[in-house]
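Coordinate analysis (summary)
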Amino acid sequence: AQTVTQSQPEMSVQEAETVTLSCTYDTSESNYYLFWYKQPPSRQMILVIRQEAYKQQNATENRFSVNFQKAAKSFSLKISDSQLGDTAMYFCAVLIQGAQKLVFGQGTRLTINP
Amino acid sequence: DTAVSQTPKYLVTQMGNDKSIKCEQNLGHDTMYWYKQDSKKFLKIMFSYNNKELIINETVPNRFSPKSPDKAHLNLHINSLELGDSAVYFCASSHLSLAGGPRNEQYFGPGTRLTVT
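The following refers to the structure shown. (Residues numbered from 1 in each chain as written. Chains lettered and ligands numbered in written order. Predicted model: local features only at pLDDT ≥ 70, side-chain atom pairs only at ≥ 80, totals over all residues. Heavy atoms only, no water.)

**With respect to the pairing of strand β11 (residues 112-116) of chain B**
Residue and element names in this part refer to chain B. Formally: Note on classification: 1.4 Å probe, protein chains only; a residue is buried when its accessible area is under 20% of the maximum for its type, exposed when over 50%, partly exposed between these limits. Going along the chain from the N terminus, every DSSP run of H or I of four or more residues is numbered as a helix, and every run of E of two or more is numbered as a strand. Strands qualify as paired when DSSP identifies two bridges or more between them.
Of the two faces of β11, only one is covered, namely that formed by T112, L114 and V116; the face formed by R113 and T115 stays uncovered. Bridge count for strand β2 (residues 10-13) against β11 is four bridges, and the pairing is parallel. Opposite T13, over in β11, you have V116 as the bridge partner. Alignment of strand β9 (residues 87-94) against β11, held across three bridges, turns out to be antiparallel. From the neighbouring strand, A87 faces β11, where its bridge partner is L114.

As structure tokens, then:
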């Protein structure tokens, strides 16, 4: 079975700072995908970024980037130049190729302060 | 032009009642899902359907019965509601992930907050 662990229940930074959210996972599969989802107070689940496990290059999407360490089974999310609108719950998730379910971590509540 | 829509967004009902939540996606995906988010924000898969066929049932009580009339719709019917069913229920959709690639990203609906009193 797959497990995902987010060890930081809450984080808080000032606007424009850089923040890194941690995620570790456990799977015996070789083909899988990793995702970060954002859930603002509106409750909507929004896909932030994805990473294919077979790719060594870290994914980036504008101010969002990941540090994927496959051997360590670590998948952290870095948010640069943080904005007030980044305030949300952030969930790390793993999808095994061939399986049809996302396995989520417990979430990290991120607050960006003005 | 909402991609994944759910109705209703809020549902308040009493114990013992039967209720349904509807989900529709217009993304052309062939796979749809129901996830449950509990009071601690933990998200867990409940069901998955591919082309109207059930492919995942994560030990959900029999009181929960999903129905997929076509691959664009996946409804969730709950019988004999209990206090513990109070949660936010999310519908999601994607292409089948067997082949991998960018097509396997899951897109979520806005969620339905169910409160059982």
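**Looking at the interface of chain A and chain B**
Our working definition: Whether two residues touch is decided by their heavy atoms; if any such pair falls within 4.5 Å, the residues are in contact. The term buried area refers to how much accessible surface (probe radius 1.4 Å) is lost by two components on association, counted for both of them together. Think of a salt bridge as a Lys or Arg side-chain nitrogen and an Asp or Glu carboxyl oxygen that are within 4 Å of each other. Counting of polar contacts relies on pairs of N or O atoms within 3.5 Å, with two restrictions inside protein: one atom must be capable of donating a hydrogen and the other of accepting it, and residues adjacent in sequence are counted only when both atoms are side-chain atoms. When residues are grouped by polarity, Ala, Val, Leu, Ile, Met, Phe, Trp, Tyr, Cys and Pro land in nonpolar, Asp, Glu, Lys and Arg in charged, and all others, Gly among them, in polar.
Contact with chain A, which involves 23 residues of that partner, is made by 32 residues of chain B. Of the roughly 2,200 Å² buried at the junction of chain A and chain B (both faces included), carbon and sulfur atoms supply 52%. The largest contributions to the chain A side of the interface with chain B come from R43, Q100 and F104 of chain A, which together make up 35% of the buried area. Our count for the chain A to chain B interface comes out at two salt bridges. The partner of E105 of chain B in a salt bridge is R50 of chain A, and the shortest N-O contact between them spans 3.7 Å. In this structure, the connection of chain A to chain B is made through 10 residue pairs in polar contact (both at pLDDT 80 or more). Of all the elements in the fold, those that place two or more residues in the side of chain A that touches chain B are β5 (32-39), β6 (46-52), β10 (88-96) and β11 (102-104) of chain A. In the side of chain A that touches chain B, the residues fall into 12 nonpolar, seven polar and four charged.

**Description of the sheet that holds strand β3 (residues 19-25) of chain B**
Residues and elements named next belong to chain B. Keep this limit in mind: Note on method: axes are straight lines fitted to C-alpha atoms, helices fitted across the in-contact stretch only, with angles between N-to-C directions ranging 0 to 180 degrees.
A sheet is described by the order of its strands in space; here four strands give the open sequence β1-β3-β8-β7, paired in antiparallel fashion. Of all the strands in the sheet, the pair left with one neighbour each is β1 (4-7) and β7 (64-70). Here the average twist between neighbouring strands, direction ignored, is 20°.

**Let's talk about the pattern of salt bridges**
Tallied over the full model, the rule gives nine salt bridges over all chains. A salt bridge links D86 of chain A to R63 of chain A, with the nearest nitrogen and oxygen atoms 2.9 Å apart. A residue pair is termed long-range when its members are at least 10 positions apart, and D86 of chain A in the loop between β9 (74-79) and β10 and R63 of chain A in the loop between β7 (60-61) and β8 (64-69) qualify at 23 residues. Residue classification places D86 of chain A among the buried positions, given a relative accessible area of 3%. Note that E58 of chain B and K101 of chain A form a salt bridge whose closest N and O atoms lie 3.1 Å from each other. You can see E58 of chain B sitting in the loop between β6 (53-57) and β7 and its partner K101 of chain A sitting in the loop between β10 and β11, one on each of two chains. Each of R50, E52 and K55 of chain A together with E105 of chain B takes part in salt bridges that share partners, so that together they form one network.

**Some remarks on the environment of N51 of chain B**
Residue and element names in this part refer to chain B. By secondary structure assignment, the location of N51 is in the loop between β5 (43-50) and β6. Along the sequence, N51 and M32 sit 19 residues apart, while their C-alpha atoms lie 8.6 Å from each other. Excluding residues within four positions of it along the chain, N51 makes contact with D30 and K71.

**A short note on the packing of aromatic side chains**
Stated formally: Aromatic rings from Phe, Tyr and Trp, taking only the six-membered ring of Trp, are treated as a pair when their centres fall within 6.5 Å; an angle between ring planes under 30 degrees marks them as stacked, one over 60 as edge-to-face, and anything in between as tilted.
Scanning the entire structure with this criterion turns up 13 aromatic pairs over all chains. Centre to centre, the rings of Y37 of chain A and F108 of chain B are 5.3 Å apart; their planes meet at 80°, and the pair counts as edge-to-face. Note that Y37 of chain A is positioned in strand β5 and F108 of chain B in strand β10 (residues 107-108), a pairing that runs across two chains. The burial state of Y37 of chain A is the same as that of F108 of chain B; both residues are buried. Aromatic ring contacts, followed pair by pair, group F35, Y37, F91 and F104 of chain A together with Y33, Y35, F90 and F108 of chain B into a single cluster.

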